[in-house]
Amino acid sequence: MTTACNGADAVALAGGRPDLDLILMDIQMPVMDGLEAARRMLAHAGERAPRLLALTAGNTVSERQRAREAGFSEILPKPIDPEKLVQAIQRVLALALAPAPAPAAATPASGPAQDDWPVIDGIDTAQARRRFAGGSAMFGKMLARLLALCGEAGRMGMRVPRDRDALAALMHQVKGSAATLAALGLAESAARIESACRNGQDDALPPALQDLGRLARRLEQAAAGFLARPEARRPPETAAPLGRAQLEALLQALRTQDLRALDLFQQLAPALEDAMGTEAARALAEQVHGLRFGEALASLLHARLSCDART
């Protein structure tokens, strides 16, 4: 997370950070207000422009319209409701991180990236690599688990409507896992099935399940080479002991809905997997990366982790 003290600094910072996906900005800022800062950011960035989320004490129709015209994707009134802020960030990031259409002369759909991170058709490579901080072992475990969940969904789909609630719960898992892995098409497909289950739309389920199965099979085929590689299956190296101070910092970030929780979690991920076990750590990763900080906090507190008091 990077911060700026005023609108002019924000424009300068954004100009030097083409990797930014999302910028939260107050409309009322010193030196340069948020509307002018937004216009300059978007004009400078062109096609690589980040998504903008406005925070404002004013919430009139005209003020919201001016913010939209300046280029903000979302406008949130103050005082900020943490839950609504997280929901807005999720919506904006879903747009910001959506994969761009592939050019006509694209590189092969699946194969090694320059840094040996796998390029898999159906997964946003840049987002996945950034999210897992280059940890291909954990990525491989979660990908294999996602494909297994999709297989279970296909079997369960034959028993709808009897198992509609169970299918909805399973699709919620698939949606979260797919979003964490940046398999955005699969996440959207699972979300549609979950919605159909919740709303009793049984007629919509067969074609939706067929679509999910098609996407899952395509992903499985594209990922086959990577999943067969030793680094995708080997256990991660022994992690350093889980430090009390680090864990407390993560817990506090989750309590306060602080986005620094994402970085803190990534630093602790190997130690948390050692302490909690692979399945629990995988579920926690989905909660954190999905910005479901309240659920992640509850999971950590429930785990009653023991820490090395020296760290």
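These notes cover the structure that comes with them. These numbers come from a predicted model, not from an experiment. (Residues numbered from 1 in each chain as written. Predicted model: local features only at pLDDT ≥ 70, side-chain atom pairs only at ≥ 80, totals over all residues. Heavy atoms only, no water.)

With respect to helix α11 (residues 244-255)
Using the following cut-off: Strands here are runs of E lasting at least two residues and helices are runs of H or I lasting at least four, both read from the DSSP assignment and numbered beginning at the N terminus. Between the first and last residue of a helix there are one fewer steps than residues, each counted as 1.5 Å, and that sum is the expected span. Each residue is placed in one exposure class: buried if its accessible area under a 1.4 Å probe, protein chains only, is under 20% of its type's maximum, exposed if it is over 50%, and partly exposed if it falls in between. Here the arc refers to the set of directions running from the helix axis out to each C-beta atom.
Counted at 1.5 Å a residue, the expected span for α11 with its twelve residues is 16 Å, and the 16 Å between its end C-alpha atoms agrees. Taken together, the buried positions of α11 are L247, L250, L251, A253 and L254. Here the buried residues of α11 occupy an arc of 160 degrees about the axis, which is enough to place them on one side. Downstream of α11 by one or two residues, Q257 has phi in the positive range, about 55 degrees.

Here we look at the environment of S189
Rules: Two N or O atoms count as a polar contact when they lie within 3.5 Å, although within protein this holds only if one can serve as hydrogen donor and the other as acceptor, and sequence-adjacent residues are included solely when both atoms are side-chain atoms.
In this structure, S189 sits in helix α8 (residues 184-198). Between the C-alpha atoms of S189 and K175, which are 14 residues apart in sequence, the distance is 8.0 Å. At 3.2 Å, the side chain of S189 forms a polar contact with the side chain of D211.

A few points about the packing of helix α1 (residues 7-15) against helix α2 (residues 34-45)
Basically, it comes down to this: To get an axis, a line is fitted to the C-alpha atoms, and for a helix only the part in contact is used. The angle between two axes follows their N-to-C directions and goes from 0 to 180 degrees. Comment on the angle field: the value is read as roughly parallel under 35 degrees, roughly antiparallel over 145, roughly perpendicular from 65 to 115, and oblique elsewhere. A crossing counts as left-handed when the near helix is turned anticlockwise from the far one by less than a right angle, and as right-handed when that turn is clockwise. It only takes one pair of heavy atoms within 4.5 Å for two residues to be counted as in contact. Three classes are used: nonpolar for Ala, Val, Leu, Ile, Met, Phe, Trp, Tyr, Cys and Pro, charged for Asp, Glu, Lys and Arg, and polar for all others, with Gly counted as polar.
Remark: α1 packs on α2, axes separated minimally by 9 Å, with the N-to-C direction vectors making an angle of 15 degrees. One way to sum up the angle between α1 and α2 is to call them roughly parallel. As α1 runs across α2, the sense of the crossing is right-handed. For the pair α1 and α2, the contacting residues are G7, A10, V11, A14 and G15 in the first and A37, R40, M41 and H44 in the second. Its residues placed into classes, the contact of α1 with α2 shows five nonpolar, three polar and one charged.

A look at helix α7 (residues 164-180)
Taking 1.5 Å per residue as the helical rise, α7 with its 17 residues ought to reach 24 Å, and the 24 Å between its terminal C-alpha atoms agrees with that figure. Considered for burial, the residues of α7 that qualify are L167, A168, L170, M171, V174, G176, S177, A178 and T180. Looking one or two residues past α7, A182 carries a phi angle of roughly 65 degrees, positive in sign.

Regarding the packing of α8 against helix α9 (residues 205-227)
Running from N to C, α8 and α9 point in directions that differ by 155 degrees, and their axes come no closer than 9 Å. When the axes of α8 and α9 are compared, the pair comes out roughly antiparallel. Where α8 crosses over α9, the two elements pack in a sense that is left-handed. Contact residues: G185, L186, S189, A190, R192, I193, A196 and C197 in α8; L205, A208, L209, D211, L212, L215, A216 and L219 in α9. Split by residue class, the contact of α8 with α9 holds twelve nonpolar, two polar and two charged.

Remarks on the nonpolar core
What counts is decided by this rule: By nonpolar core is meant a set of buried Ala, Val, Leu, Ile, Met, Phe, Trp, Tyr and Cys residues that side-chain atoms within 4.5 Å join together. Here the bounds of each domain stem from an automatic or database domain assignment.
If you look at the biggest cluster of nonpolar residues, it comprises 58 residues, and the most contacted ones within it are L143 and L186. If you list the elements that add at least two residues to this core, you get α6 (136-157), α7, α8, α9, α11, α12 (260-276), α13 (278-289) and α14 (293-303). For this core, the element with the most residues is α9, which contributes eleven residues. Looking at this core, you find at least three residues from each of domain 2 (125-228) and domain 3 (244-303).

Details of unusual backbone geometry
Non-glycine residue V31 carries a positive phi angle of around 70 degrees. Within the element layout of this structure, V31 appears in the loop between β1 (22-26) and α2. Residue V31 is classed as exposed on the basis of its relative accessible area of 69%.

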